[in-house]
Amino acid sequence: MQGNQLKFDVSEQPSFFLTLSLALTHVLLIFDGIIFVPNVLGKTAGLDHDALRFITFATILVAALFTFLQSRRKSRIGAGFILFCGSYSAFLACSLDAVNMGGLPLLASMSLLTVPVIFLYTYFIRHFRHIITPAVGGVVVLLIAISLVPIGLDLWAGAPDTLPEVRLARLGVGGVTVLILTLLMLFGNGKLKLWSPILALLGGYGAALAAGLLHFEHSAGAAWIGLPPLAWPGIETNITTLHTPLLLAFGMAMIASMIENTGNIMLVQQISKREFRRVSYDQVQAGLYGDGLSKVAAGLLGTAVPSIYCDNLPLIEITGAASRRIGTFGAAILLALAFMPKISGIILDMPGPVIGGLLIVIASMLFHAGIGLVTMNRLGNQHGIILGLALTVGLVAESGSYFPGVVPASLAPLLENSVAVGGFTAFFLSTLAYLAPKKSVQGSFRAVPGELAGVQEMIAAGQKRLGISDQDMMRLSLCCEEVFMHMAGPDAGAVEDEERRLTLRVSRTEDGIFTEAACGHKMDDINNFAPPDSLLLARPEELQQLGLLLFSEFAREPKHVEISGYSYISFLL
């Protein structure tokens, strides 16, 4: 979705009733996923009823708290967008192994021991800015869309042994849901698009009721209001070398979650702002801190490992409503559901064809969003090959048909996960590409005009090594001078602080001469300027930016990124 098609930007507020309805739609779509892992653990690991009720309650509680924190504005914990969280299927296999080996206390210990991976990556995220890029995030989103298609189809069609007449009824119910949503998305006016998910759900429920596919097995015997037994499982402290393979499996799942969530936070920024210009890594960092803390909270409570969801993000595009208020209301709904088993059971009773049909439409919207992230910047040959390989490897993994019998059964759910394997591939190959030797020159300078001579000397000394022509040398010198003065700031002449320094690196790449300047302070976005209408009437601050006009004529793909208080400006020549 283009930003100007948003009806409610992330910082705007829809009416109370509309916000409540949209928040409920988000919750309806993902609620079964939020408690998916606890449900599977209860059915396959032989957990007693009290323990299952407690970890289900704890999972919803963690989801409510951290969905709220993710929707907060201007916070170092939480990205400030609609980001729901809940149990994450990539942890399913290792969670089952942990419960079978040592019960829920061992699951808690494995979560707490491996979650530092998230915090270390998040703290040092500025060092990964050339590796986990919007394009890599886009490939991860595309892989998520690919993984949703078979899930949606299975929910829509039902079990393979379903009777033909029932299968036909399921086809009709899912078809009604998809048709209503698609027609409203394509041809509905602004108000209809806002209500299109709710109308599609109502239509699907109505069709399911008429076809005899609406049952209330989860909600029939549940209490309206209640608390679970206080059956906290505790934490296992006797960790030995026998647990090493399990620890590695949890570590791999943590990295998969980390890569996927980076893409999710990049995506929600792109679709939630009218004036979206670039990915804010500070918001990515804040969102990942919130994700890491949610994993800590889940570990302390002894429940399933949570993660950020993107399954519901296309609802933002469908409805045009990105207000963070929706996330806050969604958190309140989840909190209420934690104490209302009857209502949460009704949501779990949503017919499979209805949610399956919705997921198919959601997957199509994720394809659109993922392609938008991939094409945000021009891809060179090397990065294009990397992303193509990552997508291919993810597709092969999703098929589950490569080298049968070779993949250990305990690792199959992770190694046959398209998002995990494709994300790992993109991360690994991008790291190799970044670390590959390149012809380059670099230097560190004080942020004062007098250092410009040193910058020019460094560039001149590297001309032969980098293979720069005399004409390109003049352009490079001009661009570096303008970037240096912009980053130093208008008061650069008065700055004598030895610690306020700028680092400049010039490299020869397959795309041309790549230059990146870095400093430990912030300044105005280098792309956020416009030439004055009249030089005679221009204000002093407008005249100071005329050099940037020349810079924009010679530099290709200028980028300005701010992470953890550091600023990075890069361009190609």
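Residues numbered from 1 in each chain as written. Predicted model: local features only at pLDDT ≥ 70, side-chain atom pairs only at ≥ 80, totals over all residues. Heavy atoms only, no water.

A. Representation of the nonpolar core. Of all hydrophobic cores here, the largest spans 130 residues; its most connected members are F250, L334 and L366. Contact partners of L366, with chain neighbours within four places excluded, come to V141, L142, I144, A145, L148, L267, C310 and P314. Residues A447, V455, M458 and M473 belong to the second largest nonpolar core, which totals 31 residues. (Core = buried A, V, L, I, M, F, W, Y, C linked by side-chain atoms within 4.5 Å. Buried < 20%, exposed > 50% of the residue type's maximum accessible area, 1.4 Å probe, protein only. Contact = heavy atoms within 4.5 Å.)

B. Main features of helix α15 (residues 381-399). With 19 residues, α15 extends 27 Å between its outermost C-alpha atoms, agreeing within 8% with the 27 Å of an ideal straight helix rising 1.5 Å per residue. Turning to α15, its buried residues number three or more, namely I386, L387, A390, G394 and A397. Along the axis of α15, the buried residues cluster in a sector spanning 90°; they form a single face. (Helix = DSSP H or I, 4+ residues; strand = E, 2+ residues; numbered from the N terminus. Expected span 1.5 Å × (residues − 1). Arc of directions from axis to C-beta.)

C. Region of interest: the environment of G221. Tracing the backbone shows G221 in the loop between α8 (190-211) and α9 (244-272). Owing to a relative accessible area of 76%, G221 belongs among the exposed residues under this scheme. On a C-alpha basis, the gap between G221 and K342 in space is 7.9 Å, while along the polypeptide they are 121 residues apart.

D. Expanded view of the environment of L143. With respect to the helices and strands, the residue L143 is situated in helix α6 (residues 134-157). Spatially, the C-alpha atom of L143 lies 7.7 Å from that of L395, the residues being 252 residues apart in sequence. Beyond its immediate chain neighbours, meaning those up to four positions away, L143 contacts A390, L391, G394, L395, S418, V419, G422 and G423.

E. Region of the structure containing the packing of α9 against helix α17 (residues 418-435). Remark: α9 packs on α17, axes separated minimally by 9 Å, with the N-to-C direction vectors making an angle of 75°. As judged from the angle between their axes, α9 and α17 are roughly perpendicular. In this structure, α9 uses M252, I255, A256, I259 and E260 to contact α17, whose residues at the interface are V419, A420, G423, F424 and F427. A class-by-class count of the residues in the contact of α9 with α17 yields 8 nonpolar, 1 polar and 1 charged. (Axes fitted to C-alpha atoms, helices over the stretch in contact; angles between N-to-C directions. Parallel < 35°, antiparallel > 145°, perpendicular 65-115°, else oblique. Nonpolar A, V, L, I, M, F, W, Y, C, P; charged D, E, K, R; others polar.)

F. Here's a closer look at the sheet that holds strand β3 (residues 440-446). Pairing is antiparallel across the open sheet formed by 5 strands, whose spatial order is β3-β4-β5-β7-β6. The open sheet has two edge strands, β3 and β6 (556-563), and neither has a second partner. The mean angle between the axes of side-by-side strands here comes to 15°, regardless of whether they run parallel or antiparallel. In terms of strand pairing, β6 meets strand β7 (residues 566-572) through 6 bridges, oriented antiparallel. Note on β7: the bridge partner recorded for H560 is I569. (Pairing = 2+ DSSP bridges.)

G. Geometry of the side chain of S294. Turning to its location among the elements, S294 is positioned in helix α10 (residues 281-301). Owing to a relative accessible area of 1%, S294 belongs among the buried residues under this scheme.

H. Highlighting the packing of aromatic side chains. This model, assessed by the stated rule, comprises 8 aromatic pairs. With 5.3 Å between their ring centres and 75° between their planes, F57 and F339 make a pair best called edge-to-face. A residue pair is termed long-range when its members are at least 10 positions apart, and F57 in helix α3 (residues 49-70) and F339 in the loop between α12 (324-338) and α13 (341-348) qualify at 282 residues. Given a relative accessible area of 30%, F339 falls into the partly exposed group. Between the aromatic rings of F119 and Y289, the centroid separation amounts to 6.4 Å while the plane-to-plane angle is 25°, which identifies the pairing as stacked. Placement of F119 in helix α5 (residues 116-123) and of Y289 in helix α10 is noted, with a sequence separation of 170 residues between them. Overall, the relative accessible area of 19% leaves Y289 in the buried class. Among the aromatic residues, those joined into a ring-pair cluster are Y88, F91 and F250. (Phe/Tyr/Trp six-rings, centres within 6.5 Å; stacked < 30°, edge-to-face > 60°.)

I. Highlighting the pattern of salt bridges. Evaluation of the coordinates by the stated rule reveals 3 salt bridges. R274 serves as the salt-bridge partner of E12, at 2.6 Å between the closest nitrogen and oxygen. Here the residue E12 occupies a position in the segment before α1 (16-34), and R274 occupies one in the loop between α9 and α10, the gap between them amounting to 262 residues. Among the salt bridges present, the one from D472 reaches R475, with a minimum N-O distance of 3.7 Å. Taken together, the residues span about one helical turn, with D472 and R475 both in helix α20 (residues 470-488) at a distance of 3 residues. (Salt bridge = Lys/Arg side-chain N within 4 Å of Asp/Glu carboxyl O.)

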